[in-house]
Amino acid sequence: MATPRSTLTLWRVAVFCIALAPLLYWSYQVALNAAGPEPGRYLLLNIGQGTLWMLFATLSLTPLGKLTRWKGFALIRRQLGLWTLAYAVAHLLCYALFILGLDLSRLGSEIVRRPYIIVGMLALLGLVAMGVTSNRASMRRLGKRWKTLHKLVYLVLALGLLHFFWVVRADLGEWSLYAAIGAGLMLLRLPPVARQLPRLRQQVKRERRQPG
Amino acid sequence: RAKWDAVVPQDPELDKLTPYQDASTYNNFYEFGTGKGDPSKRADSLTTQPWSVVIDGEVDNGGRVALEDLITPSRLEERIYRLRCVEAWSMVIPWLGIPLGDVIARAKPTAKAKYVRFETLVRPQEMPGQDSAFALIDWPYTEGLRLDEAMHPLTILGVGMYGRELPNQNGAPLRLVVPWKYGFKSIKSIVRISLVSEQPVNSWQAIAPDEYGFYANVNPQVDHPRWSQATERRLPNSLFNPHIIDTRMFNGYADQVASLYTGMDLRKQF
(Lines give C-alpha, C1' and ligand atoms only; values in the text may rest on other atoms or scores of the structure.)
Protein backbone atom coordinates (compact mmCIF):
# COMPACT_ATOMS: atom_id res chain seq x y z
CA MET A 1 0.00 0.00 0.00
CA ALA A 2 1.76 3.16 -1.13
CA THR A 3 1.08 6.39 0.70
CA PRO A 4 1.44 9.60 -1.30
CA ARG A 5 4.44 11.74 -0.45
CA SER A 6 2.30 14.68 0.60
CA THR A 7 0.46 12.50 3.11
CA LEU A 8 3.77 11.38 4.61
CA THR A 9 4.93 14.98 4.94
CA LEU A 10 1.68 15.87 6.65
CA TRP A 11 2.12 12.88 8.95
CA ARG A 12 5.60 14.05 9.98
CA VAL A 13 4.36 17.56 10.65
CA ALA A 14 1.45 16.17 12.68
CA VAL A 15 3.83 14.07 14.80
CA PHE A 16 5.99 17.15 15.36
CA CYS A 17 2.97 19.12 16.57
CA ILE A 18 1.76 16.33 18.85
CA ALA A 19 5.21 15.94 20.42
CA LEU A 20 5.46 19.68 20.97
CA ALA A 21 1.95 20.06 22.38
CA PRO A 22 2.61 18.83 25.97
CA LEU A 23 5.48 21.32 26.38
CA LEU A 24 3.22 24.14 25.22
CA TYR A 25 0.40 22.97 27.48
CA TRP A 26 2.61 22.84 30.60
CA SER A 27 4.12 26.24 29.79
CA TYR A 28 0.62 27.62 29.35
CA GLN A 29 -0.40 26.24 32.77
CA VAL A 30 2.61 27.96 34.33
CA ALA A 31 1.80 31.21 32.55
CA LEU A 32 -1.78 30.98 33.85
CA ASN A 33 -0.51 30.45 37.40
CA ALA A 34 -2.33 27.11 37.35
CA ALA A 35 0.75 25.00 38.03
CA GLY A 36 0.74 25.44 41.81
CA PRO A 37 3.14 27.24 44.13
CA GLU A 38 6.19 25.51 42.67
CA PRO A 39 5.99 25.82 38.88
CA GLY A 40 9.60 24.75 38.35
CA ARG A 41 8.99 21.42 40.02
CA TYR A 42 5.75 21.05 38.06
CA LEU A 43 7.69 21.37 34.82
CA LEU A 44 10.48 19.12 36.09
CA LEU A 45 8.15 16.24 36.95
CA ASN A 46 5.89 16.53 33.92
CA ILE A 47 8.75 16.78 31.46
CA GLY A 48 10.46 13.85 33.18
CA GLN A 49 7.40 11.68 32.65
CA GLY A 50 7.05 13.12 29.14
CA THR A 51 10.56 11.86 28.37
CA LEU A 52 9.40 8.34 29.13
CA TRP A 53 6.30 8.77 26.91
CA MET A 54 8.54 9.90 24.05
CA LEU A 55 10.82 6.92 24.59
CA PHE A 56 7.82 4.57 24.60
CA ALA A 57 6.50 6.16 21.41
CA THR A 58 9.89 5.72 19.75
CA LEU A 59 10.11 2.09 20.82
CA SER A 60 6.61 1.33 19.60
CA LEU A 61 7.48 2.19 15.98
CA THR A 62 9.20 -1.08 15.12
CA PRO A 63 6.35 -3.31 16.36
CA LEU A 64 3.79 -1.01 14.73
CA GLY A 65 5.68 -1.14 11.44
CA LYS A 66 5.80 -4.92 11.57
CA LEU A 67 2.14 -5.12 12.38
CA THR A 68 0.96 -2.77 9.64
CA ARG A 69 3.82 -2.67 7.14
CA TRP A 70 3.13 1.05 6.81
CA LYS A 71 6.39 2.88 6.22
CA GLY A 72 5.12 6.00 7.99
CA PHE A 73 6.21 4.58 11.32
CA ALA A 74 9.83 4.09 10.32
CA LEU A 75 9.78 7.56 8.87
CA ILE A 76 9.28 9.27 12.25
CA ARG A 77 11.74 7.18 14.27
CA ARG A 78 14.55 9.72 14.13
CA GLN A 79 12.17 12.56 14.90
CA LEU A 80 10.76 10.84 18.00
CA GLY A 81 14.23 9.78 19.11
CA LEU A 82 15.33 13.40 18.96
CA TRP A 83 12.18 14.46 20.81
CA THR A 84 13.11 12.02 23.58
CA LEU A 85 16.51 13.67 23.78
CA ALA A 86 14.96 17.14 23.77
CA TYR A 87 12.61 16.24 26.64
CA ALA A 88 15.48 14.72 28.62
CA VAL A 89 17.60 17.85 28.15
CA ALA A 90 14.65 20.04 29.17
CA HIS A 91 14.17 17.85 32.26
CA LEU A 92 17.82 18.33 33.25
CA LEU A 93 17.57 22.08 32.59
CA CYS A 94 14.53 22.29 34.90
CA TYR A 95 16.51 20.54 37.61
CA ALA A 96 19.52 22.82 37.21
CA LEU A 97 17.46 26.02 36.99
CA PHE A 98 14.56 25.49 39.37
CA ILE A 99 15.83 22.99 41.95
CA LEU A 100 19.49 23.96 42.17
CA GLY A 101 18.96 27.60 41.23
CA LEU A 102 21.75 27.31 38.66
CA ASP A 103 24.32 26.63 41.37
CA LEU A 104 26.61 24.69 39.06
CA SER A 105 29.05 23.63 41.75
CA ARG A 106 26.13 21.90 43.41
CA LEU A 107 25.14 20.25 40.15
CA GLY A 108 28.63 18.73 40.07
CA SER A 109 28.48 17.48 43.63
CA GLU A 110 24.91 16.18 43.28
CA ILE A 111 25.77 14.27 40.10
CA VAL A 112 28.53 12.30 41.76
CA ARG A 113 26.73 11.77 45.07
CA ARG A 114 23.13 10.81 44.27
CA PRO A 115 22.63 7.42 42.63
CA TYR A 116 19.33 8.35 40.99
CA ILE A 117 20.90 11.42 39.41
CA ILE A 118 23.90 9.38 38.22
CA VAL A 119 21.48 6.94 36.60
CA GLY A 120 19.52 9.79 35.01
CA MET A 121 22.69 11.38 33.66
CA LEU A 122 23.86 8.06 32.20
CA ALA A 123 20.52 7.68 30.43
CA LEU A 124 20.87 11.21 29.09
CA LEU A 125 24.41 10.48 27.85
CA GLY A 126 23.06 7.46 26.01
CA LEU A 127 20.41 9.64 24.36
CA VAL A 128 23.05 12.23 23.43
CA ALA A 129 25.25 9.55 21.86
CA MET A 130 22.32 8.39 19.74
CA GLY A 131 21.20 11.94 18.98
CA VAL A 132 24.53 13.14 17.60
CA THR A 133 24.86 10.02 15.44
CA SER A 134 21.31 10.18 14.12
CA ASN A 135 22.27 11.89 10.84
CA ARG A 136 22.96 10.09 7.56
CA ALA A 137 26.67 10.95 7.57
CA SER A 138 27.15 9.18 10.90
CA MET A 139 25.13 6.21 9.70
CA ARG A 140 27.45 5.88 6.71
CA ARG A 141 30.59 6.41 8.72
CA LEU A 142 29.67 3.95 11.48
CA GLY A 143 28.30 1.30 9.13
CA LYS A 144 27.42 -1.83 11.08
CA ARG A 145 28.48 -0.29 14.35
CA TRP A 146 25.66 2.22 14.04
CA LYS A 147 23.05 -0.42 14.79
CA THR A 148 25.02 -1.67 17.77
CA LEU A 149 25.37 1.86 19.12
CA HIS A 150 21.65 2.51 18.79
CA LYS A 151 20.84 -0.60 20.79
CA LEU A 152 21.76 1.74 23.65
CA VAL A 153 18.09 2.70 23.62
CA TYR A 154 17.27 -0.46 25.58
CA LEU A 155 19.79 0.49 28.24
CA VAL A 156 18.36 4.02 28.29
CA LEU A 157 14.88 2.57 28.89
CA ALA A 158 16.12 0.50 31.83
CA LEU A 159 18.04 3.42 33.33
CA GLY A 160 15.09 5.77 32.84
CA LEU A 161 12.75 3.43 34.67
CA LEU A 162 15.29 2.92 37.46
CA HIS A 163 15.69 6.71 37.79
CA PHE A 164 11.90 7.04 38.10
CA PHE A 165 11.72 4.12 40.57
CA TRP A 166 14.16 5.87 42.89
CA VAL A 167 12.09 9.04 42.89
CA VAL A 168 8.83 7.43 44.01
CA ARG A 169 8.84 6.03 47.46
CA ALA A 170 5.40 5.53 48.92
CA ASP A 171 3.20 4.33 46.07
CA LEU A 172 4.44 2.30 43.15
CA GLY A 173 1.16 2.41 41.21
CA GLU A 174 2.17 4.94 38.57
CA TRP A 175 5.68 3.55 38.26
CA SER A 176 4.34 0.03 37.77
CA LEU A 177 2.28 1.24 34.84
CA TYR A 178 5.35 2.78 33.20
CA ALA A 179 7.40 -0.35 33.92
CA ALA A 180 4.68 -2.55 32.43
CA ILE A 181 4.59 -0.48 29.23
CA GLY A 182 8.39 -0.66 29.00
CA ALA A 183 8.35 -4.41 29.59
CA GLY A 184 5.58 -4.86 27.01
CA LEU A 185 7.58 -2.99 24.37
CA MET A 186 10.60 -5.17 25.08
CA LEU A 187 8.47 -8.30 24.93
CA LEU A 188 7.33 -7.37 21.43
CA ARG A 189 10.98 -7.49 20.39
CA LEU A 190 11.57 -11.08 21.51
CA PRO A 191 12.04 -13.03 18.26
CA PRO A 192 9.17 -15.54 18.84
CA VAL A 193 6.77 -12.67 19.58
CA ALA A 194 8.17 -10.37 16.89
CA ARG A 195 7.65 -13.10 14.27
CA GLN A 196 3.97 -13.24 15.11
CA LEU A 197 3.37 -9.57 14.32
CA PRO A 198 3.42 -9.80 10.49
CA ARG A 199 1.41 -13.04 10.71
CA LEU A 200 -1.19 -11.26 12.79
CA ARG A 201 -1.53 -8.75 9.98
CA GLN A 202 -1.96 -11.50 7.39
CA GLN A 203 -4.62 -13.09 9.52
CA VAL A 204 -6.59 -9.88 9.85
CA LYS A 205 -6.33 -9.40 6.09
CA ARG A 206 -7.62 -12.91 5.36
CA GLU A 207 -10.52 -12.53 7.69
CA ARG A 208 -11.47 -9.31 6.01
CA ARG A 209 -11.39 -10.97 2.61
CA GLN A 210 -13.65 -13.80 3.69
CA PRO A 211 -16.51 -12.32 5.62
CA GLY A 212 -18.79 -14.60 7.63
CA ARG B 1 8.27 46.46 77.11
CA ALA B 2 5.11 44.72 76.10
CA LYS B 3 4.47 41.30 77.52
CA TRP B 4 4.11 39.84 74.07
CA ASP B 5 7.15 39.95 71.82
CA ALA B 6 6.46 40.95 68.28
CA VAL B 7 7.91 38.50 65.81
CA VAL B 8 10.48 40.14 63.60
CA PRO B 9 11.04 38.06 60.50
CA GLN B 10 14.64 37.53 59.58
CA ASP B 11 13.88 38.15 55.96
CA PRO B 12 10.75 40.30 55.57
CA GLU B 13 10.45 39.37 51.90
CA LEU B 14 10.78 35.59 52.18
CA ASP B 15 9.36 35.14 55.66
CA LYS B 16 5.94 36.48 54.78
CA LEU B 17 2.91 34.23 55.07
CA THR B 18 2.40 31.69 52.34
CA PRO B 19 -0.97 32.43 50.69
CA TYR B 20 -3.82 30.25 51.98
CA GLN B 21 -4.47 29.11 48.43
CA ASP B 22 -0.98 27.58 48.21
CA ALA B 23 -0.89 26.09 51.71
CA SER B 24 -4.23 24.39 51.09
CA THR B 25 -3.57 23.01 47.60
CA TYR B 26 0.05 21.84 47.82
CA ASN B 27 0.01 19.01 50.32
CA ASN B 28 1.58 15.70 51.15
CA PHE B 29 -1.22 13.57 52.57
CA TYR B 30 -0.74 10.15 51.01
CA GLU B 31 -4.07 8.91 52.34
CA PHE B 32 -5.52 10.92 49.46
CA GLY B 33 -2.88 10.20 46.83
CA THR B 34 0.78 10.91 46.23
CA GLY B 35 0.40 13.98 44.01
CA LYS B 36 0.68 17.38 45.68
CA GLY B 37 -2.74 18.34 44.31
CA ASP B 38 -4.47 15.05 45.16
CA PRO B 39 -5.37 15.87 48.79
CA SER B 40 -7.15 19.12 47.96
CA LYS B 41 -9.03 17.41 45.13
CA ARG B 42 -10.08 14.33 47.08
CA ALA B 43 -10.20 15.17 50.78
CA ASP B 44 -13.71 16.61 50.61
CA SER B 45 -14.94 13.05 51.07
CA LEU B 46 -13.55 12.87 54.61
CA THR B 47 -16.11 13.06 57.41
CA THR B 48 -14.61 14.98 60.31
CA GLN B 49 -17.69 15.20 62.51
CA PRO B 50 -18.11 13.57 64.92
CA TRP B 51 -14.46 13.05 65.81
CA SER B 52 -12.90 11.55 68.86
CA VAL B 53 -9.39 10.67 69.92
CA VAL B 54 -8.30 7.67 71.96
CA ILE B 55 -5.70 8.50 74.57
CA ASP B 56 -4.17 5.33 75.93
CA GLY B 57 -1.01 3.52 76.97
CA GLU B 58 1.00 4.64 79.99
CA VAL B 59 -1.58 7.09 81.35
CA ASP B 60 -3.75 7.21 84.46
CA ASN B 61 -6.45 9.30 82.82
CA GLY B 62 -6.94 7.79 79.38
CA GLY B 63 -9.97 6.97 77.28
CA ARG B 64 -11.85 8.19 74.28
CA VAL B 65 -12.25 11.96 74.21
CA ALA B 66 -14.53 13.90 71.89
CA LEU B 67 -12.69 16.56 69.91
CA GLU B 68 -14.79 19.32 71.54
CA ASP B 69 -13.66 18.19 74.97
CA LEU B 70 -10.03 17.85 73.93
CA ILE B 71 -9.74 21.34 72.46
CA THR B 72 -11.38 24.03 74.56
CA PRO B 73 -11.83 26.99 72.24
CA SER B 74 -10.86 29.56 74.88
CA ARG B 75 -7.38 28.09 74.94
CA LEU B 76 -6.73 28.37 71.21
CA GLU B 77 -3.56 30.22 70.25
CA GLU B 78 -2.30 31.39 66.91
CA ARG B 79 1.25 30.32 66.09
CA ILE B 80 3.02 31.44 62.94
CA TYR B 81 5.58 28.79 62.11
CA ARG B 82 7.91 27.97 59.29
CA LEU B 83 7.09 24.55 57.82
CA ARG B 84 10.09 22.77 56.32
CA CYS B 85 9.26 19.70 54.25
CA VAL B 86 11.85 16.94 54.02
CA GLU B 87 11.56 17.39 50.22
CA ALA B 88 13.41 20.72 50.61
CA TRP B 89 10.55 23.18 50.18
CA SER B 90 9.10 25.36 52.90
CA MET B 91 6.16 27.62 53.74
CA VAL B 92 5.15 30.03 56.52
CA ILE B 93 1.79 29.10 58.04
CA PRO B 94 -0.35 30.62 60.83
CA TRP B 95 -1.76 27.72 62.83
CA LEU B 96 -4.50 27.65 65.44
CA GLY B 97 -4.12 25.13 68.21
CA ILE B 98 -3.29 24.31 71.79
CA PRO B 99 -0.04 23.07 73.27
CA LEU B 100 0.17 19.29 73.06
CA GLY B 101 1.75 19.40 76.53
CA ASP B 102 -1.63 20.48 78.04
CA VAL B 103 -3.39 17.46 76.56
CA ILE B 104 -0.70 15.06 77.73
CA ALA B 105 -0.61 16.55 81.22
CA ARG B 106 -4.39 16.07 81.54
CA ALA B 107 -3.95 12.40 80.62
CA LYS B 108 -1.55 11.98 83.58
CA PRO B 109 1.33 9.95 82.10
CA THR B 110 2.78 7.26 84.34
CA ALA B 111 6.49 7.03 85.17
CA LYS B 112 6.90 4.48 82.37
CA ALA B 113 5.81 6.92 79.65
CA LYS B 114 8.87 7.92 77.62
CA TYR B 115 7.47 8.46 74.12
CA VAL B 116 4.25 9.52 72.45
CA ARG B 117 2.88 7.58 69.51
CA PHE B 118 0.28 9.08 67.13
CA GLU B 119 -2.02 7.41 64.63
CA THR B 120 -3.96 8.77 61.66
CA LEU B 121 -7.48 7.65 60.80
CA VAL B 122 -7.86 4.54 58.64
CA ARG B 123 -10.97 4.79 56.48
CA PRO B 124 -10.26 3.55 52.94
CA GLN B 125 -13.79 4.32 51.73
CA GLU B 126 -13.07 8.02 52.33
CA MET B 127 -9.30 7.95 51.89
CA PRO B 128 -8.60 6.55 48.41
CA GLY B 129 -4.82 6.38 48.93
CA GLN B 130 -5.38 3.72 51.58
CA ASP B 131 -7.09 1.61 48.91
CA SER B 132 -4.11 1.65 46.56
CA ALA B 133 -2.69 -1.83 46.00
CA PHE B 134 0.71 -0.29 45.35
CA ALA B 135 0.97 1.80 48.51
CA LEU B 136 4.09 1.04 50.50
CA ILE B 137 2.80 2.65 53.70
CA ASP B 138 1.38 0.15 56.15
CA TRP B 139 -1.73 2.06 57.29
CA PRO B 140 -2.39 3.63 59.71
CA TYR B 141 0.21 6.35 59.25
CA THR B 142 2.05 6.59 62.55
CA GLU B 143 4.39 9.11 64.08
CA GLY B 144 6.21 9.51 67.35
CA LEU B 145 7.92 12.02 69.61
CA ARG B 146 10.06 11.72 72.68
CA LEU B 147 8.03 12.80 75.71
CA ASP B 148 10.12 15.95 76.29
CA GLU B 149 9.66 16.91 72.62
CA ALA B 150 5.92 16.40 72.94
CA MET B 151 5.81 18.51 76.13
CA HIS B 152 7.85 21.33 74.57
CA PRO B 153 5.87 24.58 74.40
CA LEU B 154 6.46 24.95 70.64
CA THR B 155 4.69 21.64 69.94
CA ILE B 156 1.00 22.15 69.29
CA LEU B 157 -2.08 20.20 68.31
CA GLY B 158 -3.55 22.20 65.43
CA VAL B 159 -7.24 22.54 64.64
CA GLY B 160 -7.09 25.51 62.30
CA MET B 161 -4.97 27.69 60.09
CA TYR B 162 -5.29 31.20 58.69
CA GLY B 163 -7.93 31.93 61.34
CA ARG B 164 -10.29 29.21 60.18
CA GLU B 165 -10.88 25.50 60.58
CA LEU B 166 -8.29 23.19 59.07
CA PRO B 167 -9.20 22.18 55.52
CA ASN B 168 -9.42 18.38 55.29
CA GLN B 169 -6.32 18.20 53.11
CA ASN B 170 -4.29 19.91 55.83
CA GLY B 171 -5.17 17.29 58.41
CA ALA B 172 -8.63 18.15 59.73
CA PRO B 173 -9.86 18.08 62.32
CA LEU B 174 -6.77 17.57 64.46
CA ARG B 175 -3.10 17.47 63.54
CA LEU B 176 0.30 17.81 65.10
CA VAL B 177 2.59 20.78 64.39
CA VAL B 178 6.26 20.43 65.38
CA PRO B 179 8.01 23.35 63.70
CA TRP B 180 11.63 22.29 64.18
CA LYS B 181 11.13 18.91 62.53
CA TYR B 182 10.51 17.94 58.91
CA GLY B 183 6.87 18.22 57.95
CA PHE B 184 6.16 14.48 57.84
CA LYS B 185 6.48 14.37 61.64
CA SER B 186 3.44 16.63 61.92
CA ILE B 187 0.90 13.84 61.56
CA LYS B 188 -2.59 14.63 60.27
CA SER B 189 -6.16 13.63 61.16
CA ILE B 190 -5.14 12.08 64.48
CA VAL B 191 -7.39 9.44 66.07
CA ARG B 192 -5.04 8.00 68.67
CA ILE B 193 -2.40 9.35 71.03
CA SER B 194 -0.57 6.68 73.02
CA LEU B 195 1.98 7.20 75.75
CA VAL B 196 4.51 4.38 75.43
CA SER B 197 7.74 3.23 77.03
CA GLU B 198 9.56 2.18 73.85
CA GLN B 199 10.56 4.39 70.92
CA PRO B 200 7.85 3.98 68.27
CA VAL B 201 8.61 3.39 64.58
CA ASN B 202 7.13 6.09 62.35
CA SER B 203 5.69 5.24 58.93
CA TRP B 204 8.45 6.81 56.82
CA GLN B 205 11.14 5.23 58.96
CA ALA B 206 9.47 1.85 58.38
CA ILE B 207 9.55 2.32 54.58
CA ALA B 208 13.07 3.72 54.26
CA PRO B 209 15.09 3.72 57.50
CA ASP B 210 18.20 5.01 55.69
CA GLU B 211 16.31 8.09 54.49
CA TYR B 212 13.97 8.99 57.35
CA GLY B 213 14.86 8.72 61.01
CA PHE B 214 12.85 8.92 64.19
CA TYR B 215 13.99 12.43 65.12
CA ALA B 216 13.80 14.08 61.68
CA ASN B 217 15.03 17.37 63.08
CA VAL B 218 15.58 19.97 60.37
CA ASN B 219 19.34 19.88 59.92
CA PRO B 220 21.18 21.51 56.99
CA GLN B 221 24.29 19.44 57.74
CA VAL B 222 22.69 16.03 57.36
CA ASP B 223 21.62 15.37 53.77
CA HIS B 224 18.81 13.18 52.68
CA PRO B 225 20.54 10.40 50.70
CA ARG B 226 18.82 11.61 47.53
CA TRP B 227 19.18 15.37 47.92
CA SER B 228 20.89 18.07 49.90
CA GLN B 229 19.16 19.58 52.94
CA ALA B 230 21.47 22.61 53.01
CA THR B 231 18.95 24.82 51.22
CA GLU B 232 15.21 24.99 50.74
CA ARG B 233 12.78 26.50 48.26
CA ARG B 234 10.46 28.95 50.01
CA LEU B 235 7.03 28.70 48.38
CA PRO B 236 5.37 30.07 46.42
CA ASN B 237 8.23 30.59 44.01
CA SER B 238 8.40 31.31 40.30
CA LEU B 239 10.43 30.21 37.33
CA PHE B 240 12.38 33.43 37.48
CA ASN B 241 13.05 33.24 41.19
CA PRO B 242 13.15 29.77 42.76
CA HIS B 243 13.46 31.41 46.24
CA ILE B 244 16.31 29.18 47.31
CA ILE B 245 17.37 30.03 50.86
CA ASP B 246 19.72 28.46 53.37
CA THR B 247 18.08 25.98 55.71
CA ARG B 248 18.63 26.80 59.37
CA MET B 249 19.45 24.35 62.15
CA PHE B 250 16.23 23.14 63.77
CA ASN B 251 14.40 25.22 61.13
CA GLY B 252 15.48 28.38 62.94
CA TYR B 253 14.15 27.28 66.35
CA ALA B 254 17.56 26.24 67.74
CA ASP B 255 17.40 28.73 70.63
CA GLN B 256 14.23 27.06 71.87
CA VAL B 257 14.93 23.38 71.22
CA ALA B 258 18.66 22.68 70.79
CA SER B 259 18.94 21.84 74.52
CA LEU B 260 16.68 18.82 73.98
CA TYR B 261 19.46 17.18 72.01
CA THR B 262 22.58 18.00 74.03
CA GLY B 263 25.16 15.26 73.73
CA MET B 264 23.42 13.48 70.86
CA ASP B 265 25.12 12.71 67.56
CA LEU B 266 22.53 14.20 65.19
CA ARG B 267 24.21 12.54 62.20
CA LYS B 268 23.44 9.13 63.62
CA GLN B 269 20.15 10.04 65.25
CA PHE B 270 18.74 11.89 62.28
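Residues numbered from 1 in each chain as written. Chains lettered and ligands numbered in written order. Predicted model: local features only at pLDDT ≥ 70, side-chain atom pairs only at ≥ 80, totals over all residues. Heavy atoms only, no water.

Operational definition: UniProt positions are given in the numbering used here, feature names are shortened, and annotations may be inferred rather than shown by experiment.
Under an unreviewed UniProt entry, the name given to chain B is Protein-methionine-sulfoxide reductase catalytic subunit MsrP, and the source organism is Salinicola endophyticus. The annotation that UniProt attaches to chain B under Subunit (unreviewed entry) is "Heterodimer of a catalytic subunit (MsrP) and a heme-binding subunit (MsrQ)."

Chain A goes by Protein-methionine-sulfoxide reductase heme-binding subunit MsrQ in an unreviewed UniProt entry, where it is assigned to Salinicola endophyticus. Taken verbatim from the UniProt record of chain A, the Sequence similarities (unreviewed entry) comment is "Belongs to the MsrQ family." What the UniProt record of chain A gives under Subunit (unreviewed entry) is the line "Heterodimer of a catalytic subunit (MsrP) and a heme-binding subunit (MsrQ)."

Side note on the interface of chain B and chain A
Rules: Whether two residues are in contact is decided by their heavy atoms, any of which lying within 4.5 Å being enough. Buried area: the accessible area, evaluated with a 1.4 Å probe, that two parts lose upon being put together, summed over both parts. By convention in these notes, a salt bridge is any Lys or Arg side-chain nitrogen within 4 Å of a carboxyl oxygen on Asp or Glu. Two N or O atoms count as a polar contact when they lie within 3.5 Å, although within protein this holds only if one can serve as hydrogen donor and the other as acceptor, and sequence-adjacent residues are included solely when both atoms are side-chain atoms. By the convention adopted, Pro, Cys, Tyr, Trp, Phe, Met, Ile, Leu, Val and Ala count as nonpolar, Lys, Arg, Asp and Glu as charged, and the other residues, Gly among them, as polar.
Counting from both sides, the interface comprises 31 residues of chain B and, opposite them, 25 residues of chain A. Approximately 2,300 Å² of surface area, both sides summed, lies buried where chain B meets chain A, with 55% of it carried by carbon and sulfur atoms. Together, B:Phe134, B:Arg226 and B:Leu239 form the three largest contributors to the area buried by chain B at its contact with chain A, with a combined 31%. Counting the contacts that link chain B with chain A gives 3 salt bridges. The tally of links from chain B across to chain A stands at 11 residue pairs in polar contact (both at pLDDT 80 or more). Residue composition of the side of chain B that touches chain A, grouped by class: 17 nonpolar, 7 polar and 7 charged.

A few points about the packing of helix 2 (residues 39–59) of chain A against helix 5 (residues 77–99) of chain A
All names here are of chain A. We apply this condition: Angular values range over 0 to 180 degrees, each being the angle between N-to-C directions of two axes fitted as lines to C-alpha atoms, with helices fitted over their stretch in contact. Numbering of helices and strands runs from the N terminus; a helix is a DSSP stretch of H or I covering at least four residues, while a strand is a stretch of E covering at least two. When an angle is under 35 degrees it counts as roughly parallel; over 145 it counts as roughly antiparallel; between 65 and 115 it counts as roughly perpendicular; any other value is oblique. Rotating anticlockwise by less than a right angle from the far helix to the near helix defines a left-handed crossing, while the corresponding clockwise rotation defines a right-handed one.
The contact between helix 2 and helix 5 brings their axes to 8 Å, and the two run at 160 degrees. Compared by their axis directions, helix 2 and helix 5 come out roughly antiparallel. Every pair of crossing elements has a handedness; the one defined by helix 2 and helix 5 is left-handed. For the contact of helix 2 with helix 5, the per-class residue count stands at 15 nonpolar, 8 polar and 1 charged.

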